Amino acid sequence: GGVDTFRVTARVADAEILPGVRTRIIGYDGTFPGPTIETRSGRPAVVEHVNELPVPMVVHLHGGEVPAASDGFPTDLVLPAPGFAGRTSAHADGHTGMTDARADVVVGSRRYEYPMDQPAATLWYHDHRMDFTGPMVYRGLAGFHLVRDDEEDALPLPRGEREVPLMIADRSFDGDGQLDYPAKDPTMTREPGVRSGRALVAGVLGDVILVNGVPWPQLEVDAARYRLRILNASNARRYELSLDPPPPDGDPFTQIGSDGGLLERPVGHEELPMAPAERFDVVVDFSAYPVGTRVTLRNQLGDGGAGLVMRFVVARRAA
């Protein structure tokens, strides 16, 4: 009917994030990151989000130009589907300890309607639940949503395997390999917030840097240009990204887009300063490096492991 439709189910799952260890997550379709959704400008989309979690959720399309009813207002909860613990007892009033007479609370699932009346852009979707957005996203509720259009398609940009979304997120793990978020209430059903301490006032930081759910990964690349859609999905950590070694000539990063879509013209950068939720759409020319070069994406604002993000290995010559 001229509308793209998707169905995504949030559920509890065990994922191998640290090598050889199973970590309990809450993820869209049981993965972290969630599935990447692709839509086209001018073609409406509907995403039905199903809640098979033991707690309420809300979904927000970050950067989307959407009607208010589909914006994911923090009290417009999707309560757990029938048969899942906590559906009516802990949240009979819509949210423990908080009421909102105007809230649109539903049970089981919600259809989020997106007109896609916006240009090509790198968006992302994540949980937006009142009082518990931090721990919900920390445990895995985040995914890319890419909008494409004819104007972007007409540009000579890297595509296919040379277009790579990179979701950067710092996390901490306990001795059993489980996500270690210092919540006052780990069940996310009663008291919001984190345990007391000056170090947590500005937000929760992790000591393991994940890219697309993998700690400090490595990607083999051709000696060619790549388009990197970079998202800072960390709860609080800021990054200042750089390439080590930098290319012998030219800027390491050529920015072609930001949170709102493509820029008017390319902008060269030595480093990329990124706040939480910010996106940078950049082109990196790996043909500037000899085959065999190992190029590290570093964070100039971090020490130790927090100063490393991922590595690119220039594996082969290519057109």
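Model, not experiment: these values are computed from the prediction. (Residues numbered from 1 in each chain as written. Predicted model: local features only at pLDDT ≥ 70, side-chain atom pairs only at ≥ 80, totals over all residues. Heavy atoms only, no water.)

1. A look at the side chain of Asp-76
Here Asp-76 is to be found in the loop between strand E5 (59-62) and strand E6 (78-79). As a buried residue without a salt bridge, Asp-76 has its nearest oppositely charged side chain in Arg-110, at a separation of 5.3 Å. In this structure the side chain of Asp-76 is engaged in a polar contact, spanning 2.8 Å, whose partner is the backbone nitrogen of Asp-104. Setting aside residues up to four positions removed in sequence, Asp-76 forms contacts with Met-57, Val-58, Arg-102, Ala-103, Asp-104 and Arg-110. (Helix = DSSP H or I, 4+ residues; strand = E, 2+ residues; numbered from the N terminus. Buried < 20%, exposed > 50% of the residue type's maximum accessible area, 1.4 Å probe, protein only. Lys, Arg positive; Asp, Glu negative; His and termini not counted. Salt bridge = Lys/Arg side-chain N within 4 Å of Asp/Glu carboxyl O. Polar contact = N/O pair within 3.5 Å; in protein donor to acceptor, adjacent residues only side chain to side chain. Contact = heavy atoms within 4.5 Å.)

2. With respect to unusual backbone geometry
Cis geometry is adopted by the peptide bond preceding Pro-33, which originates at Phe-32 and carries an omega value of -5 degrees. Its location among the elements puts Pro-33 in the loop between strand E2 (23-28) and strand E3 (37-40). Note that the residue after Asp-244, namely Pro-245, is joined by a cis bond; omega there is 0 degrees. Relative to the helices and strands, Pro-245 is located in the loop between strand E16 (239-244) and strand E17 (253-258). Of note, Trp-216 is a non-glycine position whose phi angle comes to about 45 degrees, a positive value. Residue placement: Trp-216 occurs in the loop between strand E13 (214-215) and strand E14 (218-223). A positive phi is found at Ala-277, a non-glycine position, where the angle reads about 80 degrees.

3. Some thoughts on the packing of aromatic side chains
Under the definition given, this model contains five aromatic pairs. Ring centres of Phe-286 and Tyr-289 lie 6.4 Å apart, and the angle between their planes is 35 degrees; this geometry places the pair in the tilted category. Note on accessibility: Phe-286 and Tyr-289 belong to one class, buried. Here Phe-286 and Phe-312 contribute two aromatic rings whose centre-to-centre distance is 5.1 Å and whose plane-to-plane angle is 45 degrees, an arrangement assigned as tilted. Placement of Phe-286 in the loop between strand E20 (279-285) and strand E21 (294-299) and of Phe-312 in strand E22 (residues 308-317) is noted, with a sequence separation of 26 residues between them. Residue Phe-286 is classed as buried on the basis of its relative accessible area of 0%. Take Phe-312: its relative accessible area is 1%, and that puts it in the buried class. Here the aromatic residues Tyr-226, Phe-286, Tyr-289 and Phe-312 are joined through ring pairs into a cluster of three or more. (Phe/Tyr/Trp six-rings, centres within 6.5 Å; stacked < 30°, edge-to-face > 60°.)

4. Structural notes on the layout of surface pockets
Sizing a probe to match a water molecule and rolling it over the atoms shows the empty space that remains. The calculated volume of the largest pocket comes to roughly 410 Å³. Along the walls of the largest pocket sit 23 residues, with Leu-155, Pro-156, Leu-157, Ile-256 and Leu-262 positioned nearest its centre. Counting residues per element, the lining of the largest pocket draws most heavily on strand E18 (residues 261-269), which supplies six residues. Of the residues in the lining of the largest pocket, the class split is 14 nonpolar, three polar and six charged. Every residue lining the second largest pocket is counted, 13 residues in all, and those nearest its centre are Arg-24, Ile-26, Arg-139, Pro-186 and Met-188. Looking at which element gives the most residues to the lining of the second largest pocket, the answer is E2, with three residues. (1 Å grid on protein atoms, 1.4 Å probe; cavity = no way out; pocket = protein on both sides within 12 Å on 5 of 7 lines; lining within 4 Å. Points joined across faces, edges and corners; volume = space filled by probe spheres on them. Nonpolar A, V, L, I, M, F, W, Y, C, P; charged D, E, K, R; others polar.)

5. Quick word on the pairing of strand E1 (residues 4-15)
Sheet topology note: the E1/strand E4 (residues 45-52) ladder contains eight bridges and is parallel. Directly across from Ala-10, in E4, lies its bridge partner Asn-51. Of the pairings in the sheet, the one linking E1 to E2 comprises six bridges and is antiparallel in character. Residue pairing in the sheet places Asp-14 in a bridge with Arg-24 of E2. (Pairing = 2+ DSSP bridges.)

6. Some details on the confidence of the model for the protein
Of the residues in the protein, 94% have a pLDDT of 70 or more, and the chain-wide mean is 94. Counted against residues more than four places away or in other chains, residues 87-94, with its pLDDT under 50, gives 17 contacts. (pLDDT = per-residue confidence, 0-100.)

7. Description of the pairing of strand E12 (residues 208-211)
The side-chain alternation of E12 yields two buried faces, one formed by Val-208 and Leu-210 and the other by Ile-209 and Val-211. Relative to E12, strand E11 (residues 163-171) runs antiparallel, the two being bridged by four bridges. Bridging across to E12, Ala-169 finds its partner in Leu-210. In this sheet, E13 lies alongside E12 in antiparallel orientation, the contact comprising two bridges. Within E13, the residue paired with Leu-210 across the bridge is Pro-215. Taken together, E12 and the strand that follows it, E13, pair antiparallel across an intervening segment of two residues, in which Asn-212 is found at a positive phi of about 55 degrees.

8. Remarks on the sheet that holds E22
Here five strands make up an open sheet; going across it, the order is E14-E22-E21-E16-E19 and the pairing mixed. Each having just a single partner strand, E14 and strand E19 (272-274) make up the two edges of the open sheet. Geometrically, the sheet is characterised by an average inter-axis angle of 25 degrees between neighbouring strands, direction not taken into account. Note that E16 and E21 share four bridges and pair antiparallel. (Axes fitted to C-alpha atoms, helices over the stretch in contact; angles between N-to-C directions.)

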